[in-house]
Amino acid sequence: MDEVVEEAEALKHQGETHKRKNPKEELWNFIWRPVYWFRMLGDELHWSFVLSVVIVYGISQGLGVGLSRISTQYYMKDEQKLQPSESQIFFGIIQLPWVVKPLWGLLTDILPIFGYRRRPYFIFAGFLGVISMLSLALHKRLHLVLALFSLMAGSAGIAIADVTIDACVAQNSISHPSLAGDMQSLCGLSSSIGALVGYSLSGFLVHLVGPKGVFGVLSVPAGLVILVGMLMRDHHVHNFSYRQVNQKFLDACKAMWTTLKCREVWRPCLYMYLSLALSLNVREGMFYWYTDAKGGPSFSKEVIGSIFSVGAIGSLLGVLLYQNLLKSHPFRDILFWTQLLYGLSGLLDLVLVLRINLKLGISDYFFAVIDEAATHMISRVKWMPLLVLSSKLCPPGIEGTFFALLMSIDNVGMLSSSWAGGFLLHVLEVTRTQFNNLWLSILIRTIFRIIPLGLLFLVPRSDPNLSILPTEMLRTKKGDDIPESDNVELVPLVNSTLD
């Protein structure tokens, strides 16, 4: 009997010793935690989904946007000789393909090409990006209209490729509601890391090869989209009747309209649009001021790239902050504090433009880095619950197209913000060389960013791990007139058994 008691006490002591892990083991577990997280997502959602998100969000969008932003800004400023207000408006025009994302979603759902719903659209999107970027890179003096058309075509290529991933994210958010936050974190991490690499290289590349040379480099991410289309496993549609396309298009539009009329859906949609539209975008005014030798700090291309790369780090920290601490908090609580901080962060630009930082002994570069990091971190934390909320507003059967519709509403909000900001810069006469009223535009923008706090009653206070749609809508089955969402997965490069 005594031996049994001693053995039990020894096992208990061994268990307590095992619980007290040494620092090296804890550090090792911390380092491997992302690997375990990726493995968990791969086991729950399939490895092809995780890889597709990394390619499309990380390389095509994250890296591509990181490289293209600075190159496009310098292209507009130095090659096309545009004013800040004009550049602000044209940047909005370039993003128009993102506004019509539901159209791309409907086409991939109801209009197969050569019997396939997904692969041709990925390949088309990749070729569209490659051709548009090479046109900008190889043409010596491209007219402004043709340059805008090429930039729009490149943006359309990214948007078309993005639709399929959005559909997968929305569909998996319905089937795995507890992983909705993890999926958005995966998207955000991929995008932020890709943007970090892109912004870190963009300034040096623009300095070495110029904006047009960077456009040539951007044909590589577009080529990877073509590769994804070639590797994708897509179910072949037999005996498809193209006469039914119009009817299916009308049925899908009717289903989306029915969903939008639901109170639980249109109220958050209205908030998402207004919160974005009221955040006036005067980014181009700040960029021109950054590079001005008289009134501004006269940052070089490399410095501009390093500042924006720190902004990408801020976005990454925002994703990690949301993933580890905030993803379980109610939507309304997170949005209140993030919107408030987002509005107040705009005052950092005001301090920089009024040169108050120099009076405090803080250099322009150091303060600009702090400004960029803080603003992007808060903006990302503010954006993450909106993405999770959007994924939970998608009804079964049209989740891909409806998620694209919600994202297009967000893009309309950002487009409104960009055009309103450009109009504000024009009214205040902020030009390539005159920045006397830039501080006033920043102050007006800060005030407008606070307004959405009075609209938070439109957002549900529910737990983000629970469903938002009414029960009867979640029980709706896919009808014959709504195409089923195909499982999008990559063909294994080696022979293996699919789960």
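Not measured: the values here are computed from a predicted model.

Q: Explanation requested: helix α4 (residues 84-94) in the structure shown.
A: Note that an α-helix has 3.6 residues per turn; residues three or four places apart therefore point the same way. Counting buried positions along α4 yields 8 of 11 residues, so the element is predominantly enclosed. Of the positions making up α4, those classed as buried are Pro84, Ser85, Ser87, Gln88, Phe90, Phe91, Gly92 and Ile94.

Q: It is not clear to me how the nonpolar core should be interpreted in this structure. Could you clarify?
A: Burial of nonpolar side chains together is a common tendency in soluble globular proteins. Cys269, Tyr271 and Phe402 are the most contacted members of the largest nonpolar core, which totals 63 residues. If sequence neighbours within four positions are ignored, Phe402 has contacts with Met256, Thr259, Leu260, Val265, Leu393, Cys394 and Pro395.

Q: I keep staring at unusual backbone geometry and nothing clicks. Help me out?
A: Negative phi characterises most residues that are not glycine, and trans characterises most peptide bonds. Although it is not a glycine, Ser298 sits at a positive phi angle of roughly 55°. Structurally, the position occupied by Ser298 is in the loop between α13 (283-290) and α14 (301-326). Residue classification places Ser298 among the partly exposed positions, given a relative accessible area of 40%. The backbone of Arg355 sits at a positive phi, close to 65°, despite the residue not being glycine. Positionally, Arg355 belongs in the loop between α16 (347-353) and α17 (356-359). Owing to a relative accessible area of 23%, Arg355 belongs among the partly exposed residues under this scheme.

Q: Looking at this structure, I do not really get the layout of surface pockets. What am I missing?
A: The gaps left among the atoms become clear once a water-sized probe is rolled over them. Taken as a whole, the largest pocket holds about 460 Å³ of empty space. Lining the largest pocket are 16 residues, and of these Pro34, Trp37, Phe38, Leu189 and Leu320 lie nearest its centre. Breaking the lining of the largest pocket down by element, the ones donating at least two residues are α2 (23-45), α3 (47-79), α9 (180-217) and α14. Counted by class, the lining of the largest pocket contains 10 nonpolar, 5 polar and 1 charged residues.

Q: Any chance you could explain a nonpolar patch on the surface here in plain terms?
A: Nonpolar side chains collect at one region of the surface, where Leu341, Leu344, Leu347, Leu354, Ile356, Leu360, Trp439, Leu443, Ile447, Phe448, Ile450 and Ile451 lie side by side and expose about 980 Å² of accessible area between them. Looking at where Leu347 falls in the secondary structure, it is placed in helix α16. Classification of Leu347 by relative accessible area gives partly exposed; the value is 34%.

Q: Explain the environment of Leu270 to me, please; I cannot follow it from the model alone.
A: Structurally, Leu270 is set in helix α12 (residues 263-277). Here Leu270 falls in the partly exposed class, since its relative accessible area comes to 35%. Along the primary structure Leu270 and Val459 are separated by 189 residues, whereas in three dimensions their C-alpha atoms are 9.2 Å apart.

Q: Even after reading the chapter, I still don't get the packing of aromatic side chains, so can you show me in this structure?
A: Any aromatic ring pair is given by two values, namely how distant the centres are and how the planes are angled relative to each other. Counted according to the given criterion, the structure contains 8 aromatic pairs. Pairing Phe287 with Tyr288 gives two aromatic rings, centres 5.9 Å apart and planes at 85°, and the pair type is edge-to-face. In this structure, Phe287 and Tyr288 share a single accessibility class: buried. Arranged with centres 5.4 Å apart and planes meeting at 50°, the rings of Tyr290 and Phe299 form a pair that is tilted. For Tyr290, a relative accessible area of 4% corresponds to the buried category. Using a relative accessible area of 10% as the deciding quantity, one classes Phe299 as buried. An aromatic cluster of at least three residues, connected via ring pairs, comprises Trp289, Tyr290, Phe299 and Tyr365. For the cation-ring pair, Lys301 lies above Tyr74, with the distance from its terminal atom to the ring centre recorded as 5.1 Å. Sitting above the plane of the Tyr342 ring, Arg449 keeps its charged end 4.0 Å from the centroid.

How each quantity is defined
Residues numbered from 1 in each chain as written. Predicted model: local features only at pLDDT ≥ 70, side-chain atom pairs only at ≥ 80, totals over all residues. Heavy atoms only, no water. Buried < 20%, exposed > 50% of the residue type's maximum accessible area, 1.4 Å probe, protein only. Helix = DSSP H or I, 4+ residues; strand = E, 2+ residues; numbered from the N terminus. Core = buried A, V, L, I, M, F, W, Y, C linked by side-chain atoms within 4.5 Å. Contact = heavy atoms within 4.5 Å. 1 Å grid on protein atoms, 1.4 Å probe; cavity = no way out; pocket = protein on both sides within 12 Å on 5 of 7 lines; lining within 4 Å. Points joined across faces, edges and corners; volume = space filled by probe spheres on them. Nonpolar A, V, L, I, M, F, W, Y, C, P; charged D, E, K, R; others polar. Patch = residues over 30% accessible without salt bridge, like charges linked within 9 Å, V, L, I, M, F, W, Y side chains within 5 Å. Areas by Shrake-Rupley, 256 points an atom, 1.4 Å probe, with all protein chains shown as cover. Salt bridge = Lys/Arg side-chain N within 4 Å of Asp/Glu carboxyl O. Phe/Tyr/Trp six-rings, centres within 6.5 Å; stacked < 30°, edge-to-face > 60°. Lys NZ or Arg CZ within 6 Å of the ring centre and 35° of its normal.

These figures capture arrangement, not role.
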